[in-house]
Amino acid sequence: MAKTALYDIADKNLQGALASFLQSLLADDNISAVMVPMRQSGNDTVMQTLVTDPEQLSAADPFSPAFPMNAARLVSRLTKRSPGETVATVLRPCEIRAHIELVKLKQGQVDDIIIIGIDCPGTLQNNDFRKLAGKDPESTTDRFLTAALDGKTQFDEAVELPPACKICTHPVPEGADIGIGIFGMDIKKQFLLSAGTEKGEGLLDRLGLNVQEPPDGREEAVGSIVSAREASQGEVFAAVHEKTDTPEKLAEYLSGCINCYNCRVACPVCYCRECVFVTDVFDHDPFQYLRWAKRRGKIRMPTDTVFYHLTRMAHMTTACVGCGQCSNACPNDIPLAELFSMTASHTQNAFDYEAGRSLEEDPPLAVFREDEFAEVVEIKH
Amino acid sequence: MKPKIGRALVVGGGISGIRAALDLAETGYPVTLVDRAPHLGGVLSQLDNQFPTNHCGMCRMLPLVDRDAGAQYCLRKGLFHENIDIRTSTQVVGIEGEAGNFTVRLKRQPGFVDPVACIGCGRCADACSVSVADDFNAGLSMRKAIYLPVPHMLPNTYVIDPAACTRCGECINVCPTGAIRLYREGRQDFSVLVVDDEYTVRDSIKEWLEEEGFSVETVGSGEEALDLIKQQSFRMMLLDIKMPGIDGVEVLKKAKDLFPDMTVVMMTAYATVETAVEAMKTGAMDYLMKPFDPEDLAGKVIGVYEAEEAARAEEIEAGAVVFCGGSEGYDPSTGKNTFGYKVFSDVVTGLEFERLISGTGPGGGGALLRPSNGEPVKKIAWIQCVGSRDLQTDSDYCSGVCCMYAIKEAMLAKEHGPEDLESTIFYMDMRTVGKAFQRFRDAAETDQGVRFVRGRVHTVYQDTHTGKLVVSYPGEKSRRIEEDYDMVVLSTGQKPSSGTDKLAEAAGIELNPWGFVRGEPFLPAKTSREGIFCGGSFSGPKDIAESVISACSASLLASATMHSAGKGIAVAGDDTPEYIDVSHQAPKVRVILCECGGSLPEGIDLRRLAAGLEADPFVESVSFVSRICTEEGWESLAEKVKTKGYNRLLVGACTPYAYTRRIRELGGEVMLDPSLMDVCDIRSPEFAYGEETGGDAIEKAMRRSLSTGISRLRSVDPLPKQTVPVTRSALVVGGGIAGMTAALAIAEHGYDVHLVEASEHPGGNLGWLHSTVEGNDTAILLEDTTQRIEKHPLVHVHTNTTVVSAFGEVGNFFTTIETADSGPQTIQHGVVLIATGGREAETRSYGYGTSDAIVTQKELEEKVAAKAIDYSAIESVCMIQCVDSREEPRNYCSRVCCPSTLKHILQMKQQNPDISVYILYRDMMSPGFAESWYTEARKAGAVFIPYTTYAKPVVSQGEEGGSKVVISTREPLLDADVQIHADLLVLATGIVPNLPEELAGAFGAECDEDGFFREAESKWRPVDSLKEGVFGCGIALGPGSIEGSVATAGAAAQRALRILSKNAISPAAVTARVRHSLCVTCERCIAVCPYGARSIDPDTNRVLVNAVMCQGCGNCASECPNSASVLDGFFDGRMLDMIDMVME
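Parameters at a glance
Residues numbered from 1 in each chain as written. Chains lettered and ligands numbered in written order. Predicted model: local features only at pLDDT ≥ 70, side-chain atom pairs only at ≥ 80, totals over all residues. Helix = DSSP H or I, 4+ residues; strand = E, 2+ residues; numbered from the N terminus. Rg over C-alpha atoms; globule rule 2.2 N^0.38 Å. Contact = placed C-beta atoms within 7 Å. Buried ≥ 20, exposed ≤ 12 C-beta atoms within 10 Å, placed from the backbone. Nonpolar A, V, L, I, M, F, W, Y, C, P; charged D, E, K, R; others polar. pLDDT = per-residue confidence, 0-100. Domains from an automatic or database assignment. Pairing = 2+ DSSP bridges. Axes fitted to C-alpha atoms, helices over the stretch in contact; angles between N-to-C directions. Parallel < 35°, antiparallel > 145°, perpendicular 65-115°, else oblique. Arc of directions from axis to C-beta. Core = buried A, V, L, I, M, F, W, Y, C linked by C-beta atoms within 7 Å. Left-handed = near helix turned anticlockwise from the far one by under 90°. Right-handed = clockwise from strand over helix to strand, strands pointing away.

## Let's talk about the overall build of chain A
Okay, so step 1: Counting secondary structure elements, chain A contains 15 helices and seven strands.
Okay, so step 2: Over its C-alpha atoms chain A spans a radius of gyration of 22 Å, differing by no more than 12% from the 21 Å that the globule rule assigns to 381 residues.
Okay, so step 3: Projecting the C-alpha coordinates of chain A onto the three principal axes gives extents of approximately 70 × 55 × 40 Å.
Okay, so step 4: Taking the contacts inside chain A whose residues are at least 6 apart along the sequence as the reference set, 73% of them involve residues at least 24 apart.

Structure follows, in structure tokens:
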């Protein structure tokens, strides 16, 4: 059983308690900086911020439903080569899992960071966050948490959790050094700190927190969130499958795509320096377009759209953590997250692999087993 | 001027011949490879699956360095290398001269099908009305008289079986390219004289023969005949015996006196047959009985004509000759015990079984069915040692391969038969003598449920009611046991190849008592004639790995011979052609199409096709040549490429493989890089679509093929490649016999060798071994080799020295060695050979250490040498085989212990025949000719008692104060426990390797689970590591005899010379590289590279590719998501274009 502690919240002020917890991290000799989502001054934006001055942490807002990007890409920037000092990073579960995939792809490491994971009740797409925050930016997080922890997915007439969050079955930060737990807790009084690694346990010890068991209701609370999400996942996958089960239907599903490649820029595990679709490989000769058009009588412009999505799917589906940033980034509201999550669940099951589960598991396409998929290759053993 | 360089002749195109030819070709020698069969591949063209992978894998023998010199095609389909000249249907009839300067006479079987003109369409076979048993399927299916000798061969050239062909000429009528010439040409010059007193006879013969194209004269009497032959020359005379005046026999005598070379065939009625037989003694070739059938007569004359044509031999010069004539399978129907073979159709040989389950086999589908009734086989048995280890069939030797192929076949049977198939192997000893063999056998037994029964089957008969085969064999206490089977496979052994004796006579080399070529002691690849060598099973039964090793070793000796005759590789200059740099030009493809002499099917308009292609902006022009396969055609093509204006060339013709070499030559002439030139197949669409779909479909397919070719060429990246320089010296680690032999071989080719030995003296295990079971003296070998090592100026021996560290890659390694007195130094070298050897394993089993009477084999050997054994004082000796070996954790056969035991038995029996010798064994391992010593030992009275790992012998101390030890074991024939009171107990503990993992790792090689050097592939690349430039030899590779160590040393040296013979290695056209601006260094490409050709440079943080080690497999390119890793020649854009064209 992992080591856990309860962190008291003074004056029912969760934000204040979180800030003081993060300040105590900065006070630790081993930690040079904290990276955490923070309200940016002058507007209602919340963005990851690398902080070294403890005073600044009062604007920290880790439970804000704002999710402008998956922070795994930022952690990768901090750790691709060793920074020489340790940074505590506050991350959502899908950000942690994406980072683990990036580590396996040599795009970062975990040695120089302490991962502070948070229980994630969900996020909002950029537009929805602005709608919700618009009226009263100061109280956005509290309003969101109160509703979300009550099991609600709808926050306003036009604001609800995006499908990616509704079907996410990983609300608790697996793989974090220390997790901040709010499910099944009275967040007016206490939040839970649980150490998931030896590194986390050491830190808990150094912080001088009393080791305490989590309250009774926590496990049950987490269980009920997960089972509700599993149920919606089933429904969503069935619907997406129905809409995409022939090449024609798939093309229709993706017909709004303008080849802007925003989804691939937003995707935390699309780690290529430059996508193959913007390289010379797809730099067709002008006469080629005409040739295609002549052959079939017409050709959709831009070309290579379905090909692009299928290629991206082939490349990252075993690493997809279902964070939903692809949908968030799409200017034409193509429901990409559902499609990619569905495919990922199939491919990851096929290889008995789960993206972000463990650093010990090699990415399936880097492993060759002669005896696997005999039914596909038709080799009898 | 190009310096002169020796040509090598390789005789036999089976696996060993191909290996030897490729070795010599890769080292830079021109090679002539001949085979008497109409195809290459030997027996392996019929075998689809090889132990231990149960796949093929022959392609692993393809050149790894300078890959572009050969075509990268399946070797079972064909061999293409620019240095190898292949002559099929050709035999050696004589070798004159001496080592370095041989003149070899070659005789080619007349070919009726022009291999250049034949496009392999198969219409001739459809038209042929003759049907005969197909040798390729071991006679299990039928073929036509014109046929493909191997259905999967490339180029797919048909041949005619002259014995079966009726010369009906139907094939000539349907051949679209006029490739078949059945007769006529040359026959006018063959004049025949017909002598008969009956006008009708001589006149009708004249008519028949003239129809066949011969020149015929007729005369009516002996006198006239004798007059005429003095005036006019005749090649043949058909001579009636009974004539008025001088009779036929008289004419024959006089004619033979005058013209001994003239062929005479007598014609006779029944009454004078005896006279005809007499006449043959006088010199007639044959006789014909009257009245005769025109076809018989014509056939006879044609036969004589063809034999004479064939006898006109061609002469070639060769510096050295390597014979790889192979062996043949034993035919059980010729034996005293046929086991029902050829009586019951469900009794088949091992080869027939392989054909039955082959996709190209008689059934076609590969399912395991009973030949008798087509029903599935549910129960199947293998009978071992049919035609091996059998004095009744003159084979007092072990064929060495049958045990493993039977196990493999039993496993394959499970794949091709029903799930619950029962398979049983009846054997005497399962000879699992190789490194991985015992584990393979164990897996067959435990994982696949193959049943192993020790016992010699004496009878196979058929139950007439059930139709099943009944196998009868002696069980425990010699009780007869009978079992029913659906199919019985006879594991037939290897026999000398037919004609081995004639070939040996023609070549002037000696044979051994078993009819195989005799090798020199300790050097089986060397024949009795200087400059002539022998690889593969021509010198005795061998498996694939042994064949490959012996072929490599033979090619090394051939190379050394030519080198010392001044025709070596060191004198060959660097003649890399220079090409024009076209990298900054827009692609312009010149297309030249072959019109195939106007034989294209109707409805195809090449001009229309050309107009369509010319619309492509990358096509410069399209033009035509009537027939590229003719000399005039090629010249016309060469003329068309001389004018400038293009930078890519595409030729549309047939059989692209055939043009590899010529295209490269043409590239040299016009200074265009051959990778910018291509031949694409526009003929086979015709076969795919056939006549019924008509010209449109065919023309469309031709256009598709050409457009694909244009796309392919358009996107070739013409950037020149970086070459990798080679440090032309070698490091050999380990100074045993293997290391010394390899070092000498390399030094004798003119390259520096550093030989590093950890102990004080080189010599290794030869330091304590004194003789072999064959009676050869190892001391002489040791002394001779050490002296040559010491004298050779290019061998630098470092004793008391170890390797401290190493880095680098093929061509340039840097190794730091440390010598006890003089400290460390760093050596730069191009290749490394690991020959660290092995030693006798230590044991604590069977009471070792508790009594002076219990010794290991090595201790016995030392005592014998020191004459410390009083044979008269010994009553009884016991020897236990397989001590701690052939079971986990040391689950491999050490190979040398059984022959050593036989040697010790015979030594003791010679000293004192009264000594009782008992050998407790699991399987006696005396493969090859060592079997005869096993026979000798039994004749000498040694008692062999088998035991199993479940009931091992138990050793206890004898009586108090006595010196004897007591060994208790179960005697299975008596089915009783026995006790042996022995004065001496000898334990065969086997071999363990001396190869530290760090040493192998320092050079990028690996150790296997038992600590031996891990070879790249146990059969096809048995001395290479996966890391190019690192080789293993001797016992470091695996347990083996002295001969084995010498052979692997030669093979490793040969593999090393491929690299050392070059100043710099040019990477092949198809090589991977990294586009750094796109690379994000995820290193997945490094993980998936099977050749270790990729690494990350820590300074620049870039992925590096060693272009020489890269084999162009494309794993990296398919793993890389954004094509930062690309395979030249298979760039994504190009592939997409090509797919696009195919889909058009």
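Structure's up, so let's keep going.
## Digging into the overall build of chain B
Okay, so step 1: Across its full length, chain B carries 27 helices and 55 strands.
Okay, so step 2: Here chain B has a C-alpha radius of gyration of 33 Å; the compact-globule value for 1144 residues is 32 Å, and the two agree.
Okay, so step 3: Dimensions of chain B, computed from the C-alpha atoms along their principal axes, are close to 105 × 90 × 65 Å.
Okay, so step 4: With 1144 residues in all, chain B has 50% of them scored as buried.

## A short note on the interface of chain A and chain B
Okay, so step 1: Contact residues are listed per partner, giving 18 residues for chain A and 18 residues for chain B.
Okay, so step 2: Of the residues assigned to the side of chain A that touches chain B, the class counts are nine nonpolar, three polar and six charged.

## Details of the confidence of the model for chain B
Okay, so step 1: Residues of chain B with pLDDT of at least 70 account for 97%, and the chain-wide mean is 90.
Okay, so step 2: Scored as a complex, the prediction yields pTM 0.83 and ipTM 0.87.

## Here's the deal with the domain arrangement of chain A
How big an interface is tends to be reported as the loss of accessible area on association of its parts.
Residue and element names in this part refer to chain A.
Okay, so step 1: Considered domain by domain, chain A is made up of domain 1 (4-230) and domain 2 (240-377).
Okay, so step 2: A C-alpha centroid distance of 29 Å is found between domain 1 and domain 2.
Okay, so step 3: Counting from both sides, the interface comprises 24 residues of domain 1 and, opposite them, 20 residues of domain 2.
Okay, so step 4: Looking at the side of domain 1 that touches domain 2, the elements that each hand over two or more residues are α2 (72-79), α3 (93-104) and α6 (163-166).

## Brief notes about unusual backbone geometry
Okay, so step 1: Residue B:Pro52 is reached from B:Phe51 by a cis peptide bond, and omega for that bond is 0°.
Okay, so step 2: Structurally, B:Pro52 is set in the loop between β2 (31-34) and β3 (84-87).
Okay, so step 3: Geometrically, the link from B:Glu888 to B:Pro889 is a cis peptide bond, its omega value of 5° lying close to zero.
Okay, so step 4: Among the structural elements, B:Pro889 can be located in the loop between β42 (876-880) and α21 (897-911).
Okay, so step 5: Here A:Tyr261, not a glycine, exhibits a phi torsion of approximately 65°, which is positive.
Okay, so step 6: For A:Tyr261, the position within the fold is in the loop between α9 (247-253) and α10 (262-266).
Okay, so step 7: Residue classification places A:Tyr261 among the partly exposed residues on the basis of 17 C-beta atoms within 10 Å.
Okay, so step 8: If you check the backbone angles, B:Phe522 has positive phi at about 65° while not being a glycine.
Okay, so step 9: For B:Phe522, a count of 23 C-beta atoms within 10 Å corresponds to the buried category.

## Here we look at the sheet that holds strand β22 (residues 459-462) of chain B
Residue and element names in this part refer to chain B.
Okay, so step 1: In space, the three strands of this open sheet follow the order β22-β23-β24, with antiparallel pairing throughout. Since the sheet does not close on itself, it has two edges, and those belong to β22 and β24 (480-485), each with one partner. For this sheet, the mean inter-axis angle between neighbouring strands, taken without regard to orientation, is 25°.

## Side note on the environment of A:Glu220
All names here are of chain A.
Okay, so step 1: Relative to the assigned elements, Glu220 resides in helix α8 (residues 217-244).
Okay, so step 2: Of the residues examined, Glu220 has 11 C-beta atoms within 10 Å and is grouped as exposed.
Okay, so step 3: Placed 37 residues apart in sequence, Glu220 and Phe183 show a C-alpha to C-alpha distance of 9.2 Å.

## Quick word on the packing of α8(A) against helix α14 (residues 336-350) of chain A
Residue and element names in this part refer to chain A.
Okay, so step 1: Between α8 and α14, the shortest axis-to-axis distance is 9 Å and the interhelical angle comes to 100°. For the element pair α8 / α14, the angle class is roughly perpendicular. Two secondary-structure elements touch here, α8 through Val236, Phe237, Val240, His241 and Thr244 and α14 through Glu338, Leu339, Met342 and Ser345.
Okay, so step 2: In terms of residue class, the contact of α8 with α14 is made up of five nonpolar, three polar and one charged.

## A short note on helix α7 (residues 198-206) of chain A
Okay, so step 1: Here α7(A) has its buried residues at A:Gly200, A:Leu203 and A:Leu204. The buried residues of α7(A) occupy an angular sector of 100° when the element is viewed end-on, so they sit on one face.

## Side note on the sheet that holds strand β5 (residues 101-108) of chain B
Residues and elements named next belong to chain B.
Okay, so step 1: Read from one edge of the open sheet, three strands run β4-β5-β15, paired in antiparallel fashion. For this open sheet the edge positions go to β4 (90-98) and β15 (314-318), each flanked by a neighbour on one side alone. Across the sheet, the mean angle separating the axes of adjacent strands is 25° when strand polarity is ignored.
Okay, so step 2: Judged from the five bridges that link them, β5 and β15 form a sheet pairing that is antiparallel. Each bridged residue has a counterpart across the sheet, and for Arg105 the counterpart in β15 is Glu315.

## Focus on the environment of A:Ile100
Residues and elements named next belong to chain A.
Okay, so step 1: When you line up the elements, Ile100 lands in helix α3.
Okay, so step 2: With 225 residues separating them in the primary sequence, Ile100 and Gln325 have C-alpha atoms 17 Å apart.
Okay, so step 3: Among all residues touching Ile100, those that are not within four sequence positions of it are Gly175, Gly356 and Leu359.

## Focus: the nonpolar core
Okay, so step 1: Formed by 240 residues in total, the largest nonpolar core has its most connected members in B:Val488, B:Ala742, B:Ile746, B:Leu833, B:Leu985 and B:Cys1033.
Okay, so step 2: The dominant element in this core, judged by the number of residues it contributes, is helix α13 (residues 544-567) of chain B, at twelve residues.
Okay, so step 3: If near-sequence neighbours (up to four positions away) are discounted, B:Ile746 is found in contact with B:Ala730, B:Tyr751, B:Val753, B:Ala1053, B:Ala1056, B:Leu1057 and B:Leu1060.
Okay, so step 4: Membership of the second largest hydrophobic core comes to 96 residues, among which are A:Leu25, A:Val90, A:Cys94 and A:Leu124.

## Observations concerning the packing of α21(B) against helix α22 (residues 931-939) of chain B
Residue and element names in this part refer to chain B.
Okay, so step 1: Here α21 crosses α22 at 35°, and the two axes come no closer than 9 Å. Taken as a pair, α21 and α22 cross one another with a handedness that is left-handed. Here Pro899, Leu902, Ile905 and Leu906 of α21 lie close against α22, whose contacting residues are Trp933, Tyr934, Glu936 and Ala937.
Okay, so step 2: Class assignment for the residues of the contact of α21 with α22 results in seven nonpolar, no polar and one charged.

## Thoughts on the pairing of strand β44 (residues 943-946) of chain B
Residue and element names in this part refer to chain B.
Okay, so step 1: The sheet contact formed by strand β43 (residues 916-921) and β44 spans four bridges and is parallel. Paired with Ile919 across the two strands is Phe944, which belongs to β44.
Okay, so step 2: Between the parallel pair β43 and β44, the chain is carried across by α22, and the sense of this crossover is right-handed.

## Overview of the pairing of strand β1 (residues 8-11) of chain B
All names here are of chain B.
Okay, so step 1: Residues Ala8 and Val10 of β1 are buried on one face, and the alternating residues Leu9 and Val11, pointing to the opposite face, are buried as well.
Okay, so step 2: In this sheet, β2 lies alongside β1 in parallel orientation, the contact comprising four bridges. Along β2, the bridge assignment pairs Leu9 with Thr32.
Okay, so step 3: In this fold, β1 hands off to helix α1 (residues 15-27), which returns the chain to β2; that crossover is right-handed.
Okay, so step 4: Pairing of β1 with strand β16 (residues 320-323), which is carried by four bridges, proceeds in the parallel orientation. Each residue of the ladder has a partner; that of Ala8, found in β16, is Ala320.

## Thoughts on the environment of A:Ala329
Residues and elements named next belong to chain A.
Okay, so step 1: Along the chain, Ala329 falls in helix α13 (residues 325-329).
Okay, so step 2: Looking at Ala329, the number of C-beta atoms within 10 Å reads 20, which means it is buried.
Okay, so step 3: Spatially, the C-alpha atoms of Ala329 and Phe191 are 32 Å apart, while their sequence positions differ by 138 residues.
Okay, so step 4: In this structure Ala329 touches Asn262, Cys263, Val265 and Ala266, once residues within four positions along its chain are discounted.

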